[in-house]
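# Topology and contacts: notes
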Amino acid sequence: MKRYDIIALLLVIYLAVMAYFGRGMLLSGNYREYFSIIGVTLLVIFILRWAMKRREKIREERRKKQDASERRTLRNDNIS
């Protein structure tokens, strides 16, 4: 499991716990506020996951490009 998946899972678990503790708001009739807070928080968690996944992909591509460049340099040094 990737790091961004673990962080997103932990945040969703945290949200579930906070939603449980905030159920008094739901019981008092504030349905719209209760569910909008949960919805916005889920949206933020998924945007964070997407950004972290994208950053990891860019980092991996940069690492591959650097490794290929180093291999070419080593190959050229051996030929000379």
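Presented here is a report on the structure given in the accompanying data block. (Residues numbered from 1 in each chain as written. Predicted model: local features only at pLDDT ≥ 70, side-chain atom pairs only at ≥ 80, totals over all residues. Heavy atoms only, no water.)

## Considering the pattern of salt bridges
To keep it simple, the criterion reads: A side-chain nitrogen of Lys or Arg and a carboxyl oxygen of Asp or Glu constitute a salt bridge if their distance falls within 4 Å. In this text, helices come from DSSP runs of H or I with a minimum length of four residues, and strands from runs of E with a minimum of two, each type numbered from the N-terminal end. For each residue, the accessible area found with a 1.4 Å probe, counting protein chains only, is set against the maximum for its type, and the residue is called buried under 20%, exposed over 50%, and partly exposed in between.
Using the criterion set out here, one finds three salt bridges in the structure. Between Arg59 and Glu56 there is a salt bridge, with its nearest N and O atoms 3.7 Å apart. Here Arg59 pairs with Glu56, and both are found in helix 3 (residues 31–79), just three residues apart, close to one helical turn. For Glu56, a relative accessible area of 29% translates into the label partly exposed.

## Overview of a nonpolar patch on the surface
Note the cut-off: Each patch is built from residues lacking any salt bridge and having more than 30% relative accessible area; the joining distance is 9 Å for like charges and 5 Å for nonpolar side chains (Val, Leu, Ile, Met, Phe, Trp, Tyr). Here the open area of atoms and residues is found with the Shrake-Rupley method and a 1.4 Å probe, where only the protein chains shown may cover a residue.
The grouping of Met1, Ile6, Leu9, Leu10, Ile13, Tyr14, Val17, Met18, Tyr20 and Phe21 at the surface amounts to a nonpolar patch, some 1,100 Å² of accessible area in total. Tracing the sequence through the fold places Phe21 in helix 1 (residues 3–21). Judged by its relative accessible area of 60%, Phe21 falls in the exposed class.

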